[in-house]
Amino acid sequence: MGSGAAFFDLDRTVIATSSALAFARPFYRDGLLNRRDVVASGYAQAVYKLAGAGDEQMARIRDQLATMSRGWPVDQVRRIVAGTIDELIAPYVYAEALVLIEQHRAAGRDIVLVSSSGEEMVRPIARLVGADDVIATRMAIRDGRFTGEVDFYAAGESKAVAVRELATRNGYDLATCYAYSDSVSDVPLLSTVGYPTAVNADRGLRRVAREREWPVLTFRNPVPTPLTRIRYVLSRPPGGPLVPMAVLVTASAAVTAAIWYTRRRRPAARALPAPPPGP
């Protein structure tokens, strides 16, 4: 394990979509969802995009997904996620998030995704972006199928508790750790570490960030292809850093995205890492 950790919320922090709802179409195609389930998932996705997801909304999504998943074969879910992640998740990974992940890795920190989505979805995404570990919702499983019950829901205060437990196991000093999130529901998570940052913050989190003088970042650039990202960066006028934690984020995003896509397709020599974030 590294000397510390950087904890990243997933949806709207690392990816520009909802991981829990992104797989509705292949689940429907493979018979796990019916038309009513797809409509309900689409409505939840629309609400999520327009208004974000507070505790109450996330609880409704949790209960909805738990009910819909009752009886699903776990192996089938894992196959669907593995087979569609390049189409449904990879194009929505923020280039700016990849830069920060590389910077923290260069500084010797472990990368941990912390998400309320199911572990069967979050672990493949963690491998996609180069994270070392995950904290995610765990659904109860019996005889290879989901029971429709939730063993652990990774949201709100539960995220903070799980982070503290992981820090104890791995010997992290949380005062030197970092965390990133978009949602006011993750204030407990952000408050657990010494270096919290709001990313694409909803209204509630923006208010808390102002009150507590937390850095605020805006990620705008999902990575469809390396060439698209390079053209975008070269077309932008030069500018200063967003905040001290984000030095080189804009300029490095295209390079990091290109390296990331190249590594996923064929073995390549490891590039020199970007400078680590400062305290």
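Cut-offs used in this document
- Residues numbered from 1 in each chain as written.
- Predicted model: local features only at pLDDT ≥ 70, side-chain atom pairs only at ≥ 80, totals over all residues.
- Heavy atoms only, no water.
- Core = buried A, V, L, I, M, F, W, Y, C linked by side-chain atoms within 4.5 Å.
- Buried < 20%, exposed > 50% of the residue type's maximum accessible area, 1.4 Å probe, protein only.
- Contact = heavy atoms within 4.5 Å.
- Salt bridge = Lys/Arg side-chain N within 4 Å of Asp/Glu carboxyl O.
- Helix = DSSP H or I, 4+ residues; strand = E, 2+ residues; numbered from the N terminus.
- Pairing = 2+ DSSP bridges.
- Right-handed = clockwise from strand over helix to strand, strands pointing away.
- Axes fitted to C-alpha atoms, helices over the stretch in contact; angles between N-to-C directions.
- Left-handed = near helix turned anticlockwise from the far one by under 90°.
- Nonpolar A, V, L, I, M, F, W, Y, C, P; charged D, E, K, R; others polar.
- pLDDT = per-residue confidence, 0-100.

**Q** Please explain the nonpolar core as it appears in this structure.
**A** Soluble globular proteins tend to pack their nonpolar side chains together in the buried interior. If you look at the biggest cluster of nonpolar residues, it comprises 48 residues, and the most contacted ones within it are F8, F27, L113 and V129. Beyond its immediate stretch of four places on either side in the chain, F8 contacts V14, L100, I101, H104, I111, V112, L113, V114 and Y180. The next biggest cluster of nonpolar side chains, apart from the first, holds 25 residues, and it includes V187, V193, V208 and A209.

**Q** Before we go on, may I ask you to explain the pattern of salt bridges in this structure?
**A** Close approach of charged atoms allows side chains with opposite charge to pair. Considering all chains together, one arrives at eleven salt bridges under this definition. A salt bridge links D75 to R78; its shortest N-O distance comes to 3.9 Å. You can see D75 and its partner R78 sitting in helix α4 (residues 74-88), three residues apart, about one turn around the helix. By relative accessible area, D75 is classed as partly exposed at 47%. By relative accessible area, R78 is classed as partly exposed at 42%. Residue D133 pairs with R123 through a salt bridge whose shortest N-O separation is 3.7 Å. Of the two residues, D133 sits in strand β3 (residues 133-142) while R123 sits in helix α6 (residues 119-129), which places them ten residues apart along the sequence.

**Q** Would you mind showing me how to read the pairing of strand β1 (residues 4-9) here?
**A** Every regular strand shows the same layout, with side chains that alternate between the two sheet faces. Of all six residues making up β1, six are buried, and the element is well covered by its neighbours. Judged by which residues are buried, β1 turns out to be covered on both faces: G4, A6 and F8 on one side and A5, F7 and D9 on the other are all buried. For β1 and strand β2 (residues 109-118), the ladder comprises six bridges, and the chain directions are parallel. In the strand pairing of β2, D9 is matched with V114. Here three bridges tie β1 to strand β5 (residues 178-181), and the two strands are oriented parallel to one another. Across the sheet, F8 pairs through a bridge with Y180, a residue of β5.

**Q** How do you make sense of the pairing of β2 when you look at a structure like this?
**A** Of all the ten residues making up β2, ten are buried; the element is thus mostly covered by neighbouring parts of the structure. Bridging between β2 and β3 involves five bridges; their strand directions are parallel. Note on β3: the bridge partner recorded for V114 is I135. Regarding topology, α6 serves as the crossover connection from β2 to the parallel β3, and that connection is right-handed.

**Q** Any chance you could explain the sheet that holds β2 here in plain terms?
**A** Strand pairing within a sheet occurs via backbone hydrogen bonds; the two strands may be parallel or antiparallel. Here seven strands make up an open sheet; going across it, the order is β4-β3-β2-β1-β5-β6-β7 and the pairing mixed. Strands with a single pairing partner mark the edges of an open sheet, and in this sheet they are β4 (145-152) and β7 (216-217). Strands β2, β3 and β4 of the sheet are contacted by α6, whose axis makes an angle of about 150° with β2. In this fold helix α7 (residues 157-170) packs onto β1, β2, β3 and β4, with an angle of close to 145° to the strand it touches most, β2.

**Q** Is there a simple way to explain the packing of α4 against α6 in this structure?
**A** How two helices pack is summed up by the angle between their axes together with the distance between the axes. In contact at an axis separation of 9 Å, α4 and α6 are set at 35° when each is read in the N-to-C sense. Where α4 crosses over α6, the handedness of that crossing is right-handed. Contact residues: α4 offers V74, V77, R78, V81, I85 and D86, while α6 offers E120, M121, P124, I125 and L128. In terms of residue class, the contact of α4 with α6 is made up of eight nonpolar, no polar and three charged.

**Q** It is not clear to me how the confidence of the model for the protein chain should be interpreted in this structure. Could you clarify?
**A** Do not read the predicted coordinates in detail wherever pLDDT is low. Summing up the model confidence of the protein chain, the mean pLDDT is 79 and the portion of residues at 70 or higher is 70%. Across residues 225-252, confidence stays below pLDDT 50; counting only partners more than four residues off in sequence or on other chains, it has 36 contacts. Below pLDDT 50 for its whole length, residues 266-275 participates in eleven contacts with residues either more than four positions away or in separate chains.

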